[in-house]
Amino acid sequence: RAMAMAAVRPTTGFTLVELAVVCAMAGVLAAVAVPSYQHHLLRSGRADAVDALTRLQMAQAQYHAAHGLYATELTALRGVPQPASAQGLYVLAVVASGDGYRATAVAQGRQRRDTDCSALSVELAHGFTHFGPSARCWNR
């Protein structure tokens, strides 16, 4: 009898059911977390466009102060990444008129998935600045 009792040892490890439950919970967490993470990446990528367009605004103000008009070419502006933003997520363009300009940053690469804010713009017309397409795209 002593031998029979000694042969029974407590088992260690996980059952197949326990492993299946853990895998299911991990799947649910991933299903919730991944879209949120991707949205956060796209939103943070907008900062690249905001930075580039802000630099462009400052450079246009300096150019206007020195020359009395706004630059029609990005190459004329100092401190502006060209032709893409610093991280390369946006392509920059500028169009100047007599009393203002319109600068755009159009998403490229993975940032194109940001469909609501795939093109950010800043426009100076008649002394007023307009940011597009919305304040949300400018993280404001």
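Because the structure is predicted, anything quoted here is derived from the model rather than measured.

Chemist: Please give an account of unusual backbone geometry that cites residues and values.
Modeler: Between Gln82 and Pro83 the backbone carries a cis peptide bond, its omega angle lying at -15°. Position of Pro83 among the secondary structure elements: in the loop between helix 2 (16-67) and strand 1 (90-97). Here the bond from Gly132 into Pro133 is cis, since omega is -5°, no more than 30 degrees from zero. If you trace the backbone, Pro133 turns up in the segment after strand 4 (128-132). Phi is positive for His126, which is not a glycine, with a value near 55°. Along the polypeptide, His126 turns up in the loop between strand 3 (119-125) and strand 4.

Chemist: Let's hear about the pairing of strand 4: which residues, and what values?
Modeler: Of the strand pairs in this sheet, strand 3 and strand 4 are connected by five bridges, and their pairing is antiparallel. When the bridges of strand 4 are listed, Val122 appears paired with Phe131. Between the end of strand 3 and the start of strand 4, which pair antiparallel, lie two residues, with His126 showing a positive phi angle near 55°.

What counts, and where the lines are drawn
- Residues numbered from 1 in each chain as written.
- Predicted model: local features only at pLDDT ≥ 70, side-chain atom pairs only at ≥ 80, totals over all residues.
- Heavy atoms only, no water.
- Helix = DSSP H or I, 4+ residues; strand = E, 2+ residues; numbered from the N terminus.
- Pairing = 2+ DSSP bridges.

Purely geometric stuff here, so don't read any function into it on its own.
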